[in-house]
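# Notes for the structure review
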Amino acid sequence: MTPASGRSSTNDGRNRRRLSTGHEIALPLELAFAMGGVVVPARRGRLESLLPDPLSSLAIAPGVGCVALVAIQYHRVGGTESSLEPYDEFAVIVPAVRGGRTSRPFAQLIDGEAGGYVHRLPVTTNASVALGREIWGYPKERAEITVTDGPRGVRAVVGDRDSSEDAIRLEVSRPRTGAPLRGVTLSSFTTRDGELIRAPMRLGGEVSVGPPIGTRLEVAPDLASELGLWRRPLVRLTGSRVRARLFGGERVER
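A short tour of the structure in this document, coming up.

### Topic: the overall build of the protein
Scanning the protein for helices and strands turns up four helices and 18 strands. For the protein, the spread of C-alpha atoms along the principal axes amounts to about 50 × 45 × 35 Å. Across the 254 residues that make up the protein, the buried fraction comes to 50%. Considering only contacts within the protein whose residues lie at least 6 apart along the sequence, 66% involve residues at least 24 apart. Element-wise, carbon and sulfur atoms account for 47% of the exposed surface of the protein, whose accessible area totals about 12500 Å². Taking the average place of the 35 positive charges on the side chains of the protein and the average place of its 28 negative ones, the gap between the two points comes to 6 Å.

### Topic: the pattern of salt bridges
Under the criterion given, the structure shown has 14 salt bridges. Residues Glu24 and Arg16 are paired through a salt bridge, measuring 3.5 Å at the closest nitrogen-oxygen approach. One connected set of salt bridges, linked through shared partners, spans Arg98, Glu113, Arg198 and Glu250.

### Things to note about the sheet that holds strand β16 (residues 216-218)
Strand order in the open sheet made by the four strands is β10-β11-β12-β16, with antiparallel pairing throughout. At either end of the open sheet lies a strand with only one pairing partner, and these are β10 (145-150) and β16. Averaged over all adjacent pairs, the angle separating strand axes in this sheet is 5°, with direction ignored. Judged from the six bridges that link them, β10 and strand β11 (residues 153-158) form a sheet pairing that is antiparallel. Bridge pairing in β11 places Ile145 opposite Val158.

### Description of the environment of Arg18
Positionally, Arg18 belongs in strand β2 (residues 15-18). On the accessibility criterion, Arg18 (37% relative accessible area) is partly exposed. The sequence separation of Arg18 and Glu89 amounts to 71 residues, and the corresponding C-alpha distance is 21 Å. In terms of polar contacts, Arg18 uses its side chain to reach the backbone carbonyl oxygen of Gly22, at 3.2 Å. Polar side-chain contacts of Arg18 include one of 2.3 Å to the side chain of Glu24.

### Structural notes on the side chain of Arg192
Checked against the element boundaries, Arg192 lands in strand β14 (residues 184-192). One buried charged side chain, Arg192, makes no salt bridge at all; its nearest oppositely charged neighbour is Asp193, positioned 5.1 Å away. Within the structure, Arg192 has its side chain in polar contact with the backbone oxygen of Ile135 (distance 2.7 Å).

Calculation rules
- Residues take numbers from 1 onward in each chain, read along the sequence in its written order.
- Note on the predicted model: pLDDT of at least 70 is required for a residue's local features to be given, and 80 or more for side-chain atom pairs to be given and counted; whole-chain, interface and lining totals, by contrast, use all residues.
- The side-chain values count all of the structure's non-hydrogen atoms but skip hydrogen atoms and water molecules.
- Where helices and strands are cited, they refer to DSSP runs of H or I of at least four residues and of E of at least two residues respectively, numbered from the N terminus.
- A simple rule labels every residue: compare its accessible area, found with a 1.4 Å probe on the protein chains alone, to the largest value its type can have, and call it buried under 20%, exposed over 50%, or partly exposed in between.
- Whether two residues are in contact is decided by their heavy atoms: any pair within 4.5 Å suffices.
- Surface accessibility follows the Shrake-Rupley procedure with a 1.4 Å probe radius. Residue values consider only the protein chains on display as shielding.
- Charged-residue counts in this description rest on Lys and Arg as positive and Asp and Glu as negative, His and the chain ends being excluded.
- Note that the charge is assigned to NZ on lysines, CZ on arginines, CG on aspartates and CD on glutamates.
- What counts as a salt bridge is simple: a side-chain nitrogen of Lys or Arg found within 4 Å of a carboxyl oxygen of Asp or Glu.
- Think of it this way: DSSP has to see at least two bridges between two strands before they count as a pair.
- Axes here mean lines fitted to C-alpha atoms, for a helix over just the part in contact, with angles spanning 0 to 180 degrees between N-to-C directions.
- For the purposes of these results, a polar contact is taken to be a pair of N or O atoms within 3.5 Å, where, inside protein, one atom must be able to donate a hydrogen and its partner to accept one; residues adjacent in sequence count only when each atom of the pair is a side-chain atom.

Dropping the structure here:
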(Lines give C-alpha, C1' and ligand atoms only; values in the text may rest on other atoms or scores of the structure.)
Protein backbone atom coordinates (compact mmCIF):
# COMPACT_ATOMS: atom_id res chain seq x y z
CA MET A 1 0.00 0.00 0.00
CA THR A 2 1.15 3.55 -0.71
CA PRO A 3 0.62 5.78 2.31
CA ALA A 4 -1.35 9.00 1.95
CA SER A 5 1.05 11.78 1.10
CA GLY A 6 -0.35 14.44 3.43
CA ARG A 7 -2.45 14.95 6.56
CA SER A 8 -3.87 18.00 8.30
CA SER A 9 -6.95 19.01 10.31
CA THR A 10 -10.00 20.93 9.16
CA ASN A 11 -11.70 23.58 11.30
CA ASP A 12 -14.40 21.12 12.36
CA GLY A 13 -11.84 18.69 13.78
CA ARG A 14 -11.82 16.26 10.87
CA ASN A 15 -8.59 14.97 9.36
CA ARG A 16 -7.77 16.08 5.85
CA ARG A 17 -5.84 13.65 3.65
CA ARG A 18 -4.11 14.14 0.31
CA LEU A 19 -3.98 11.03 -1.89
CA SER A 20 -1.11 10.06 -4.18
CA THR A 21 -3.33 11.15 -7.09
CA GLY A 22 -3.43 14.71 -5.71
CA HIS A 23 -7.05 14.50 -4.58
CA GLU A 24 -7.99 15.71 -1.11
CA ILE A 25 -10.58 14.25 1.27
CA ALA A 26 -11.53 14.75 4.90
CA LEU A 27 -12.35 12.06 7.46
CA PRO A 28 -14.89 10.97 8.38
CA LEU A 29 -15.79 10.75 4.70
CA GLU A 30 -19.30 11.95 3.85
CA LEU A 31 -21.04 9.75 1.27
CA ALA A 32 -24.36 9.80 -0.57
CA PHE A 33 -25.31 6.93 -2.86
CA ALA A 34 -27.83 4.55 -4.38
CA MET A 35 -27.35 0.85 -3.84
CA GLY A 36 -28.82 -2.52 -4.63
CA GLY A 37 -27.61 -5.88 -3.43
CA VAL A 38 -28.30 -9.45 -2.44
CA VAL A 39 -27.15 -11.82 0.29
CA VAL A 40 -26.28 -15.25 -1.09
CA PRO A 41 -25.64 -18.50 0.84
CA ALA A 42 -22.16 -19.97 0.45
CA ARG A 43 -20.08 -22.89 1.66
CA ARG A 44 -18.77 -21.79 5.03
CA GLY A 45 -15.61 -23.85 4.77
CA ARG A 46 -14.68 -22.03 1.58
CA LEU A 47 -15.28 -18.64 3.20
CA GLU A 48 -13.26 -19.57 6.27
CA SER A 49 -10.22 -20.19 4.07
CA LEU A 50 -10.43 -16.61 2.77
CA LEU A 51 -10.73 -14.81 6.09
CA PRO A 52 -7.77 -13.60 8.17
CA ASP A 53 -7.49 -14.43 11.86
CA PRO A 54 -9.40 -13.79 14.09
CA LEU A 55 -12.42 -13.43 11.80
CA SER A 56 -14.87 -16.28 11.26
CA SER A 57 -17.61 -16.52 8.64
CA LEU A 58 -21.08 -15.82 10.01
CA ALA A 59 -22.90 -19.17 10.09
CA ILE A 60 -26.54 -19.07 8.98
CA ALA A 61 -26.96 -22.87 8.98
CA PRO A 62 -24.63 -25.80 9.72
CA GLY A 63 -21.79 -25.54 7.20
CA VAL A 64 -23.39 -22.53 5.49
CA GLY A 65 -22.20 -18.93 5.55
CA CYS A 66 -23.17 -16.05 3.29
CA VAL A 67 -21.80 -13.35 0.97
CA ALA A 68 -23.19 -9.88 0.26
CA LEU A 69 -22.93 -8.64 -3.34
CA VAL A 70 -23.71 -4.93 -3.49
CA ALA A 71 -23.73 -2.48 -6.43
CA ILE A 72 -23.22 1.17 -5.46
CA GLN A 73 -23.66 4.36 -7.48
CA TYR A 74 -22.13 7.25 -5.56
CA HIS A 75 -23.78 10.66 -5.87
CA ARG A 76 -21.34 12.46 -3.60
CA VAL A 77 -17.93 11.52 -2.19
CA GLY A 78 -16.85 13.87 0.57
CA GLY A 79 -18.12 17.33 1.48
CA THR A 80 -17.39 20.64 -0.20
CA GLU A 81 -13.71 20.22 0.64
CA SER A 82 -13.43 16.97 -1.37
CA SER A 83 -12.02 16.90 -4.89
CA LEU A 84 -13.19 13.34 -5.68
CA GLU A 85 -15.68 12.76 -8.46
CA PRO A 86 -18.55 10.27 -7.93
CA TYR A 87 -17.93 6.73 -9.13
CA ASP A 88 -19.50 3.26 -9.32
CA GLU A 89 -18.49 0.32 -7.15
CA PHE A 90 -19.29 -3.36 -6.69
CA ALA A 91 -18.63 -4.79 -3.23
CA VAL A 92 -18.07 -8.47 -2.47
CA ILE A 93 -18.35 -8.71 1.32
CA VAL A 94 -18.20 -11.73 3.61
CA PRO A 95 -20.29 -11.22 6.79
CA ALA A 96 -17.96 -12.22 9.60
CA VAL A 97 -17.58 -12.28 13.37
CA ARG A 98 -14.52 -11.38 15.40
CA GLY A 99 -13.94 -13.08 18.72
CA GLY A 100 -16.89 -15.48 18.73
CA ARG A 101 -16.36 -18.68 20.70
CA THR A 102 -18.88 -20.85 18.86
CA SER A 103 -19.71 -21.77 15.27
CA ARG A 104 -23.38 -22.45 15.90
CA PRO A 105 -25.60 -20.53 13.45
CA PHE A 106 -26.13 -16.93 14.63
CA ALA A 107 -24.94 -17.83 18.15
CA GLN A 108 -21.60 -16.26 17.21
CA LEU A 109 -23.28 -12.86 17.53
CA ILE A 110 -23.83 -13.30 21.26
CA ASP A 111 -20.20 -12.89 22.27
CA GLY A 112 -18.53 -11.75 19.02
CA GLU A 113 -18.17 -8.51 17.06
CA ALA A 114 -20.04 -8.62 13.76
CA GLY A 115 -18.85 -6.91 10.59
CA GLY A 116 -18.14 -7.48 6.94
CA TYR A 117 -14.80 -8.52 5.45
CA VAL A 118 -14.19 -6.77 2.13
CA HIS A 119 -13.05 -9.50 -0.24
CA ARG A 120 -13.23 -7.65 -3.56
CA LEU A 121 -14.03 -4.04 -4.39
CA PRO A 122 -13.83 -3.09 -8.08
CA VAL A 123 -14.44 0.60 -8.86
CA THR A 124 -14.53 2.84 -11.94
CA THR A 125 -11.88 5.52 -11.28
CA ASN A 126 -8.20 5.67 -10.39
CA ALA A 127 -8.89 8.22 -7.65
CA SER A 128 -11.30 5.85 -5.90
CA VAL A 129 -8.68 3.08 -6.09
CA ALA A 130 -6.20 5.37 -4.34
CA LEU A 131 -8.81 6.44 -1.79
CA GLY A 132 -9.66 2.90 -0.71
CA ARG A 133 -6.16 1.47 -0.74
CA GLU A 134 -4.27 4.37 0.85
CA ILE A 135 -6.72 5.27 3.63
CA TRP A 136 -8.16 1.87 4.61
CA GLY A 137 -6.32 -0.85 2.68
CA TYR A 138 -9.46 -1.91 0.79
CA PRO A 139 -8.68 -4.25 -2.14
CA LYS A 140 -9.93 -1.77 -4.73
CA GLU A 141 -9.12 -2.23 -8.40
CA ARG A 142 -10.14 -0.43 -11.56
CA ALA A 143 -12.80 -2.28 -13.55
CA GLU A 144 -15.54 -1.78 -16.08
CA ILE A 145 -18.72 -1.30 -14.05
CA THR A 146 -22.14 0.05 -14.95
CA VAL A 147 -24.64 0.71 -12.15
CA THR A 148 -28.11 1.99 -13.10
CA ASP A 149 -30.57 3.24 -10.48
CA GLY A 150 -33.94 3.22 -12.22
CA PRO A 151 -37.58 3.49 -11.12
CA ARG A 152 -37.95 -0.28 -10.93
CA GLY A 153 -34.68 -1.04 -9.18
CA VAL A 154 -30.92 -1.26 -9.50
CA ARG A 155 -29.01 -3.00 -12.26
CA ALA A 156 -25.27 -3.62 -12.42
CA VAL A 157 -22.80 -5.22 -14.80
CA VAL A 158 -19.21 -5.81 -13.76
CA GLY A 159 -16.68 -6.77 -16.42
CA ASP A 160 -17.16 -7.56 -20.10
CA ARG A 161 -20.82 -7.20 -21.05
CA ASP A 162 -20.35 -9.61 -23.96
CA SER A 163 -18.71 -12.36 -21.91
CA SER A 164 -20.93 -14.64 -19.86
CA GLU A 165 -17.85 -16.21 -18.23
CA ASP A 166 -16.18 -13.05 -16.91
CA ALA A 167 -19.04 -10.70 -16.06
CA ILE A 168 -21.19 -10.30 -12.97
CA ARG A 169 -24.79 -9.24 -13.58
CA LEU A 170 -27.16 -8.16 -10.85
CA GLU A 171 -30.74 -6.90 -10.97
CA VAL A 172 -32.59 -5.97 -7.79
CA SER A 173 -36.19 -4.77 -7.90
CA ARG A 174 -37.27 -1.95 -5.61
CA PRO A 175 -40.17 -2.40 -3.18
CA ARG A 176 -42.60 0.47 -2.72
CA THR A 177 -41.59 1.18 0.86
CA GLY A 178 -38.38 1.32 2.84
CA ALA A 179 -37.25 1.64 6.44
CA PRO A 180 -35.35 4.67 7.78
CA LEU A 181 -31.83 4.06 9.01
CA ARG A 182 -31.47 5.56 12.48
CA GLY A 183 -28.46 4.94 14.64
CA VAL A 184 -27.19 2.13 12.41
CA THR A 185 -23.42 1.62 12.47
CA LEU A 186 -21.67 -1.13 10.53
CA SER A 187 -18.00 -2.07 10.53
CA SER A 188 -15.95 -3.29 7.63
CA PHE A 189 -12.76 -5.31 8.01
CA THR A 190 -9.79 -5.44 5.69
CA THR A 191 -6.05 -6.06 5.91
CA ARG A 192 -3.32 -3.45 5.44
CA ASP A 193 0.37 -4.26 5.62
CA GLY A 194 -0.47 -7.59 7.28
CA GLU A 195 -2.65 -5.98 9.98
CA LEU A 196 -6.39 -6.33 10.46
CA ILE A 197 -8.16 -2.97 10.04
CA ARG A 198 -11.68 -2.05 11.14
CA ALA A 199 -13.55 0.95 9.68
CA PRO A 200 -16.91 1.99 11.22
CA MET A 201 -19.61 3.42 8.93
CA ARG A 202 -22.64 5.31 10.26
CA LEU A 203 -25.66 5.04 7.96
CA GLY A 204 -28.64 7.28 7.31
CA GLY A 205 -31.40 7.59 4.74
CA GLU A 206 -33.72 4.77 3.78
CA VAL A 207 -33.17 1.14 2.76
CA SER A 208 -35.59 -1.64 1.79
CA VAL A 209 -34.79 -5.20 2.89
CA GLY A 210 -36.88 -8.19 1.91
CA PRO A 211 -37.17 -11.53 0.13
CA PRO A 212 -35.37 -11.90 -3.21
CA ILE A 213 -38.45 -11.29 -5.37
CA GLY A 214 -37.54 -9.81 -8.72
CA THR A 215 -33.80 -10.38 -8.39
CA ARG A 216 -31.47 -11.77 -11.02
CA LEU A 217 -27.88 -12.76 -10.35
CA GLU A 218 -25.20 -14.11 -12.65
CA VAL A 219 -21.74 -14.53 -11.15
CA ALA A 220 -18.54 -15.29 -13.02
CA PRO A 221 -17.66 -18.99 -12.49
CA ASP A 222 -14.27 -18.25 -10.96
CA LEU A 223 -15.76 -16.02 -8.27
CA ALA A 224 -18.65 -18.41 -7.61
CA SER A 225 -16.19 -21.27 -7.14
CA GLU A 226 -13.82 -19.23 -4.99
CA LEU A 227 -16.62 -18.28 -2.60
CA GLY A 228 -18.63 -21.50 -2.82
CA LEU A 229 -21.73 -19.48 -3.77
CA TRP A 230 -25.17 -21.00 -4.08
CA ARG A 231 -27.34 -20.07 -7.03
CA ARG A 232 -30.23 -18.28 -5.34
CA PRO A 233 -30.09 -15.20 -3.09
CA LEU A 234 -31.68 -15.17 0.35
CA VAL A 235 -32.30 -11.45 0.75
CA ARG A 236 -32.42 -8.33 -1.39
CA LEU A 237 -31.68 -4.77 -0.28
CA THR A 238 -32.06 -1.46 -2.12
CA GLY A 239 -31.82 2.24 -1.39
CA SER A 240 -31.81 5.32 -3.64
CA ARG A 241 -30.99 7.99 -1.06
CA VAL A 242 -28.57 6.46 1.40
CA ARG A 243 -26.13 8.55 3.40
CA ALA A 244 -23.06 7.43 5.28
CA ARG A 245 -20.09 8.68 7.28
CA LEU A 246 -17.06 6.43 6.87
CA PHE A 247 -14.51 6.82 9.63
CA GLY A 248 -10.80 6.23 9.40
CA GLY A 249 -9.58 2.69 9.90
CA GLU A 250 -8.12 1.45 13.17
CA ARG A 251 -5.84 -1.50 13.78
CA VAL A 252 -7.48 -4.45 15.52
CA GLU A 253 -5.58 -6.73 17.85
CA ARG A 254 -5.52 -10.34 16.67
